[in-house]
Amino acid sequence: MHSNVHIGQFTKVKDYAWIFPYVVCTNDMYPPMDKLKGCTIGEYAIVTTGTILLPGVEVGDNALVAAGAVVSKNVNEEAVVMGVPAKERGSVRDIR
């Protein structure tokens, strides 16, 4: 985990995940409410600079989230997602 990362309460970060600077993991589904739901970042997942993960989003194992993405839906295992809102653009196997 790099510097300047915000990990909201109830977020789960699994083993070997990479989280780059200025990533924000949100947890308040309907601000300002007491209904909090953290994100989950899977094993070996990479979440790059400036990404925002909305409450309850799950990033699958070995997935890659491109810089500046706003992730509002779950990310499949080994998927590459990018954009606002984030959309699947391929597989990490295609870029290895």
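Just above sits the structure.
Keep in mind that what you see is a predicted model, and the values were worked out from it rather than measured.

Calculation criteria
Residues numbered from 1 in each chain as written. Predicted model: local features only at pLDDT ≥ 70, side-chain atom pairs only at ≥ 80, totals over all residues. Heavy atoms only, no water. Pairing = 2+ DSSP bridges. Helix = DSSP H or I, 4+ residues; strand = E, 2+ residues; numbered from the N terminus. Salt bridge = Lys/Arg side-chain N within 4 Å of Asp/Glu carboxyl O. Buried < 20%, exposed > 50% of the residue type's maximum accessible area, 1.4 Å probe, protein only.

Novice: I'd like to hear about the sheet that holds strand β7 (residues 52-53), residue by residue, with values.
Specialist: One open sheet holds the 4 strands; their spatial order is β1-β4-β7-β10, and the pairing between them is parallel. For this open sheet the edge positions go to β1 (6-7) and β10 (70-71), each flanked by a neighbour on one side alone. Relative to β10, β7 runs parallel, the two sharing 2 bridges. Within β10, the position partnered with I52 by the bridge is V70.

Novice: Tell me about the sheet that holds strand β2 (residues 12-13), and please be specific about residues and values.
Specialist: Strand order in this open sheet of 3 strands is β2-β5-β8, and the pairing throughout is parallel. Edge positions in the sheet fall to β2 and β8 (58-59), since each has one partner strand and no second. Bridge count for strand β5 (residues 40-41) against β8 is 2 bridges, and the pairing is parallel. Note that in β8 the partner of T40 across the bridge is E58.

Novice: Before we move on, can you summarise the pattern of salt bridges with the specific residues and values?
Specialist: What the rule picks out here adds up to 1 salt bridge. The residue R93 makes a salt bridge to E78 at a minimum N-O spacing of 2.7 Å. With R93 in helix α1 (residues 92-95) and E78 in the loop between β10 and β11 (79-82), this residue pair connects regions lying 15 residues apart in the sequence. R93 sits in the exposed class, given a relative accessible area of 59%.

These values are about where atoms sit, not about what they do.
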